[in-house]
Amino acid sequence: MKMRLESVIAATGGKTVRQGGESHLSREIRRVITDSRLLKSGRGNASSCAQGAGEDFSDTAFLAIKGEKFDGNDYIADALLAGVALVVAGPCAEKIDAALAIVPDSGTWIVSCDDTLAAYGNIAKASRAANPDLKIVGVTGSVGKTTCKEFVLAALSACVPAQGTKANFNNEVGVPATVLDIANTTRAAVVEMGMRGPGQISYLANIVRPDVAIVTNIGCAHLELLGTMENTRRAKLEIAQGMGPANTLILNGDDSLLSDDQAVSEILREYGASPSIITFGMNEKNGRLPDVCALDIEPAAGGMKFKLYIGGEFFADASIGMSGRHNVYAALAAVAAAKTIGFTEEDIREKVLPAVASLTSEKTGRQNVAEYGGILLIDDCYNAGPESVKAQLEVLAGLPVGEDGRRVAFLGDMLELGSVSVQEHIAVGEKCAALGIDTVVCVGERARDIGFGGARHRCKTEFFFVGDSETAAERVAEFAGRGDAVLVKGSHAMHMERISAKIKSGFKTKTEA
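Procedures and definitions
Residues numbered from 1 in each chain as written. Predicted model: local features only at pLDDT ≥ 70, side-chain atom pairs only at ≥ 80, totals over all residues. Heavy atoms only, no water. Helix = DSSP H or I, 4+ residues; strand = E, 2+ residues; numbered from the N terminus. Rg over C-alpha atoms; globule rule 2.2 N^0.38 Å. Buried < 20%, exposed > 50% of the residue type's maximum accessible area, 1.4 Å probe, protein only. Lys, Arg positive; Asp, Glu negative; His and termini not counted. Charge placed at Lys NZ, Arg CZ, Asp CG, Glu CD. Core = buried A, V, L, I, M, F, W, Y, C linked by side-chain atoms within 4.5 Å. Contact = heavy atoms within 4.5 Å. pLDDT = per-residue confidence, 0-100. Salt bridge = Lys/Arg side-chain N within 4 Å of Asp/Glu carboxyl O. 1 Å grid on protein atoms, 1.4 Å probe; cavity = no way out; pocket = protein on both sides within 12 Å on 5 of 7 lines; lining within 4 Å. Points joined across faces, edges and corners; volume = space filled by probe spheres on them. Nonpolar A, V, L, I, M, F, W, Y, C, P; charged D, E, K, R; others polar.

Novice: Describe the overall build of the chain, and please don't skip the residues or the numbers.
Specialist: Of the regular secondary structure elements, the chain holds 20 helices and 22 strands. Computed over the C-alpha atoms, the radius of gyration of the chain is 25 Å, within 12% of the 24 Å expected from 2.2 N^0.38 for a compact globule of 513 residues. C-alpha extents for the chain along the principal axes are approximately 80 × 55 × 40 Å. Here the chain, with 513 residues, has 54% of them falling under the buried criterion. On the chain, the mean spot of the 53 positive side-chain charges and the mean spot of the 64 negative ones are 1 Å from each other.

What follows is the structure in structure tokens.
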């Protein structure tokens with residue numbers, strides 16, 4: 001970011017409670033810090049920030065956010081001592097006065113806001129508005145947002161200086177941080193947007209103002225909160241509220257809710273949004289291919305290969321370095337974004353497709369597949385929904401095993417599914433049976449329905465029930481051993497990483513004991 005101090009103050013919408021030097025108002029602010037520890041360590045949250053003690057913070061604003069377990073307003077004095085240009089505080093006159101008593105001669109400006117989190121968003125929004133030439137791709141959806149973001153970032157970076165959301169900074173704190181961290185030399189960025197309820201995507205999209213927006217799919221991840229898939233679709237399409245008619249919305253053409261042209265158009269009209277729409281996918285609809293399409297998809301060494309079609313015409317042979325059709329979708333979305341932004345066909349062939357092909361699970365930090373003690377492990381414990389679990393089961397079904405090896409899945413509860421929880425767990429069990437997974441260990445009370453779903457089918461799959469991940473970790477040797485391929489997946493709260501850690505640390509099998 002790069003904004004004049006007076007512009008940052010104006011963006012907060014707050015009240016100035018202490019004036020610093022008048023000459024400071026024209027000073028450029030290059031970063032906003034929300035973590036007081038960064039002041040003490042001498043490290044800001046911008047990528048261009050210098051490191052080491054004694055750093056000059058005169059180009060820095062400190063924004064005091066109050067959370068459930070901390071209050072940034074307790075560190076106003078630290079910010080004054082560090083010499084920041086601006087402190088954006090909450091409604092806490094006593095804490096401001098106490099800080100000024102400690103550092104009475106500071107030249108720092110202090111602004112008080114009723115809601116500093118909203119002020120954070122407003123500063124980011126103003127920073128984005130001040131950089132209209134920057135092209136931003138927004139990514140949302142029920143499943144696969146982060147993987148899609150990584151593919152898009154690889155595609156953008158192949159052609160221009162680009163940045164993207166770090167880790168999973170996709171909420172009302174992480175998105176402003178991402179926008180404000182964009183360097184002045186960056187020409188394109190990809191910003192992931194998550195949600196916890198209606199209106200949140202709209203809020204984030206109006207900060208980001210994406211030129212291009214991708215909706216990966218509509219799934220069951222938020223049904224406990226939103227109630228229906230229709231409500232989930234409406235919430236995800238809020239991303240269009242931050243877009244103008246010259247912008248483009250990229251939708252998964254294989255998703256039944258996103259390919260319903262009439263319903264999507266009605267929602268967009270209600271939102272007052274009219275972006276152009278293009279699609280990506282693998283299947284024909286009404287005799288037409290998606291605008292960016294993969295056909296003849298096959299497993300390849302370490303990943304997948306396919307034929308890429310654009311605009312109904314064969315474009316190139318393509319590949320990705322990650323297993324699973326769900327990752328092909330992410331690659332297609334990235335190609336669609338590159339094309340929409342304006343990269344040439346030559347750039348897409350010569351730069352984008354090689355960059356997409358070089359992306360691996362190790363680079364993305366997702367779907368980590370590695371061998372431990374003769375076990376090929378898919379370690380995917382970050383979260384779980386019906387769509388992502390089924391996708392990983394397909395990956396498991398395609399992995400090689402030893403001569404007497406088996407394919408084993410440790411599947412934990414999928415949480416936050418609301419009224420469809422039972423039927424979705426049953427559907428996962430049916431998927432296990434259909435794929436011929438040898439052993440499925442159902443971890444948790446809800447996961448018992450996975451076993452019940454599989455039991456409906458006469459199949460070779462064996463289903464076992466374990467109460468929690470700690471017990472499952474203790475019993476790993478009963479279910480998996482050398483030569484097996486193993487998937488570990490469940491909602492984050494199930495702590496399935498305990499099982500993965502046991503496999504990674506090594507253990508004695510029954511035959512070795």
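Novice: So what's going on with the nonpolar core? Residues and values would help.
Specialist: Ranked by size, the top nonpolar core spans 55 residues in total, and within it V32, L86, V215, L237, I239 and L249 carry the most contacts. If near-sequence neighbours (up to four positions away) are discounted, I239 is found in contact with G138, V139, T140, M193, I201, A205, P210, A213, V215 and L249. One finds V137, A154, A336 and V356 within the second-largest nonpolar core, a separate group that totals 45 residues.

Novice: I'd love a proper account of the confidence of the model for the chain, names of residues and values included.
Specialist: On average, residues of the chain score 91 in pLDDT, and 94% of them are at 70 or above. Under a pLDDT of 50 for its full length, residues 42–53 has, in the predicted model, 33 contacts with residues more than four places off or in other chains.

Novice: Can you tell me about the pattern of salt bridges, naming the residues and giving the values?
Specialist: Throughout the structure, instances matching the rule amount to 23 salt bridges. With a closest N to O distance of 2.4 Å, R4 and E6 form a salt bridge. For the salt bridge of D261 with K285, the shortest nitrogen-to-oxygen distance reads 3.5 Å. Residue D261 is found in helix α11 (residues 261–270), and its partner K285 is found in the loop between β13 (276–281) and β14 (292–300); the two are separated by 24 residues along the sequence.

Novice: Which residues make up the layout of surface pockets, and what values go with them?
Specialist: Estimates place the volume of the second largest pocket at around 450 Å³. Lining of the second largest pocket is provided by 23 residues; of these, G303, S323, G324, V395 and L399 occupy positions nearest its centre. At the level of elements, β14, β15 (303–310), α14 (361–364) and α15 (386–398) are the ones that each hand at least two residues to the lining of the second largest pocket. The element that contributes the greatest number of residues to the lining of the second largest pocket is β14, accounting for four residues. Residues that form the lining of the second largest pocket fall into these classes: 10 nonpolar, nine polar and four charged.

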